[in-house]
Amino acid sequence: SSGINAEYGIFTMQETFRERLLHPGANTEDIITQYSSAIKVLRFLDPSGAILEKVCMPLRTYLKNREDTIRCILSSLISQEDNELTRELSSTTGTLFKCNEDSDLENDDWEKWQPQSKDMPTDPSVGKTSKSSDTISTLCSIYGSATVFVNEYRGLIADKLLTTSSYDISFEMRSMELLKIGFGEDLNQTQIMLQDIVDSKRTHTNILSKNKELLPFDIDVIMISHVFWPNLRSEDLTVYKPLSDYLEGDYSKMFSELKRSRTLEWRYNLGFVELDLEFDDKVLSFTVSPIQAKHARNLPFGLPTVSSRKPTKIFTS
């Protein structure tokens, strides 16, 4: 009787998930949040994890097939806003992403090993999660490997770095160090990406200190080692001529003097521009892409004139 009641309860929870979450109208972030809550509650009710894995198997399968699941998980992990995943990541002291566990014989508690119950799910990628009671490991195990997370993390951190409003990446450095607990040496390329930002600040400051020519606005430049970054889109974009003449002339020359045997390839389509739109009675500030800034002067008659405040240009070296 108890077995029948348990099966009925599992079926009811699965159907509730299907009805409320497993459809295109549900946001991936909401599904992950509900899954995280289910992990905590069902682990408390059944520490073995058997009920959790049976109840959540359809949910895991659905998340695995959603294109943005990995990015949503990682975005929560490296978010500056407080949430359950960031708290768990900050408090970890050991390996967190147990996605590559190949055998029950590798379990630290091998002396307490018991045969898998016939009530456990048959999906091997799900069954491995029973060794780990934390939420992040369970989410990570949806894909069975840390590799997909590492690749997605590189793309996510690249997007953040290319749109940073300053050279301050202390938060990103801290997040990476925490993630390295789980990913290990797989994050070496990401570490180089972050170091590029640190080096860019030093090199850019050095170049500006030696150049007496002043532009009508401030610029920041990020210099990246493109071999270690994800592929960046390259689009032809004609920018403000005094700016391009300065960057491709004096700036590039001084860079080559500082960094022997290295040259620059400018990517004007990347980065962002901070500008002011001046109306008759007010000034509005915007942060836009370079292509949007270029067309700002083509606004319909009667709309504002444009004064650039701080365009940021990105290039590879």
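Above this text is the structure in question.
Small disclaimer: the values here were computed from a predicted structure and weren't measured.

### What about the overall build of the protein chain?
Then comes step 1: Of regular secondary structure, the protein chain possesses twelve helices and four strands.
Then comes step 2: Evaluated residue by residue, the protein chain yields a buried proportion of 44% over its 317 residues.
Then comes step 3: Put simply, of all contacts in the protein chain between residues at least 6 apart along the chain, 77% involve residues at least 24 apart.

### As for the packing of aromatic side chains
Then comes step 1: As enumerated under the stated definition, the model contains four aromatic pairs in all.
Then comes step 2: For the pair W266 and Y268, a centre-to-centre distance of 6.2 Å together with 10° between the ring planes defines the contact as stacked. Pair check on accessibility: W266 and Y268 agree, each one buried.
Then comes step 3: Chaining the aromatic ring pairs together yields one cluster made of Y246, Y251, W266 and Y268.

### What about the environment of M223?
Then comes step 1: By the secondary structure assignment, M223 is in strand β1 (residues 220–224).
Then comes step 2: Residues M223 and S200, spaced 23 residues apart in sequence, show a C-alpha to C-alpha distance of 5.4 Å.

### Some remarks on the packing of helix α2 (residues 28–45) against helix α4 (residues 69–77)
Working note: a packed helix pair is described by the angle between its axes plus the distance between those axes.
Then comes step 1: Contact geometry of α2 with α4 gives a least axis separation of 10 Å together with a crossing angle of 65°. Taken as axis vectors, α2 and α4 run roughly perpendicular relative to one another. Once α2 is placed against α4, the crossing between them reads as right-handed. Every residue of α4 that contacts α2 at T28, E29 and I32 is listed here: T69, C72 and I73.
Then comes step 2: In the contact of α2 with α4, the residues fall into three nonpolar, two polar and one charged.

### Focus: the environment of K180
Then comes step 1: Relative to the helices and strands, K180 resides in helix α9 (residues 170–183).
Then comes step 2: Distance in space between the C-alpha atoms of K180 and Q191 is 9.8 Å, their sequence separation being eleven residues.
Then comes step 3: Once residues within four sequence positions are removed from consideration, K180 is found in contact with L187 and Q191.

### Overview of the nonpolar core
The tendency in soluble globular proteins is for nonpolar side chains to be buried side by side.
Then comes step 1: With 50 residues, the main nonpolar core has Y35, C56, L59, L77, Y153, L161 and W229 as its most contacted residues.
Then comes step 2: Per element, the largest residue contribution to this core is eight residues, and it comes from helix α8 (residues 147–162).
Then comes step 3: The contacts of Y35, once residues within four sequence positions are left out, are C56, L59, R60, L63, T138, L139 and I142.

### With respect to the pattern of salt bridges
Then comes step 1: Evaluated as defined, the whole model comprises nine salt bridges.
Then comes step 2: A salt bridge links D159 to R71, with the nearest nitrogen and oxygen atoms 3.2 Å apart. Note that D159 is positioned in helix α8 and R71 in helix α4, a separation of 88 residues in sequence.
Then comes step 3: For R71, a relative accessible area of 30% puts it in the partly exposed group.

### Details of a negative patch on the surface
Then comes step 1: Taken together, the side chains of E29, D30, E67 and D68 make up a negatively charged region of the molecular surface.
Then comes step 2: Summarising the element assignment, D68 is placed in the loop between α3 (50–64) and α4.
Then comes step 3: Take D68: its relative accessible area is 33%, and that puts it in the partly exposed class.

### Description of the pairing of strand β2 (residues 265–278)
Then comes step 1: With twelve of its 14 residues buried, β2 lies for the most part within the structure.
Then comes step 2: In this structure, β2 lies alongside strand β3 (residues 283–288), joined through six bridges in antiparallel fashion. Paired with D276 across the strands is S285, a residue of β3.
Then comes step 3: A loop of four residues connects β2 with β3, the two strands running antiparallel in sequence.

### Considering a nonpolar patch on the surface
Then comes step 1: Taken together, the side chains of V41, F44 and L45 present a nonpolar region at the surface, about 370 Å² in accessible area.
Then comes step 2: For L45, a relative accessible area of 61% gives the class exposed.

How each quantity is defined
- Residues numbered from 1 in each chain as written.
- Predicted model: local features only at pLDDT ≥ 70, side-chain atom pairs only at ≥ 80, totals over all residues.
- Heavy atoms only, no water.
- Helix = DSSP H or I, 4+ residues; strand = E, 2+ residues; numbered from the N terminus.
- Buried < 20%, exposed > 50% of the residue type's maximum accessible area, 1.4 Å probe, protein only.
- Contact = heavy atoms within 4.5 Å.
- Phe/Tyr/Trp six-rings, centres within 6.5 Å; stacked < 30°, edge-to-face > 60°.
- Axes fitted to C-alpha atoms, helices over the stretch in contact; angles between N-to-C directions.
- Parallel < 35°, antiparallel > 145°, perpendicular 65-115°, else oblique.
- Left-handed = near helix turned anticlockwise from the far one by under 90°.
- Nonpolar A, V, L, I, M, F, W, Y, C, P; charged D, E, K, R; others polar.
- Core = buried A, V, L, I, M, F, W, Y, C linked by side-chain atoms within 4.5 Å.
- Salt bridge = Lys/Arg side-chain N within 4 Å of Asp/Glu carboxyl O.
- Patch = residues over 30% accessible without salt bridge, like charges linked within 9 Å, V, L, I, M, F, W, Y side chains within 5 Å.
- Areas by Shrake-Rupley, 256 points an atom, 1.4 Å probe, with all protein chains shown as cover.
- Lys, Arg positive; Asp, Glu negative; His and termini not counted.
- Charge placed at Lys NZ, Arg CZ, Asp CG, Glu CD.
- Pairing = 2+ DSSP bridges.

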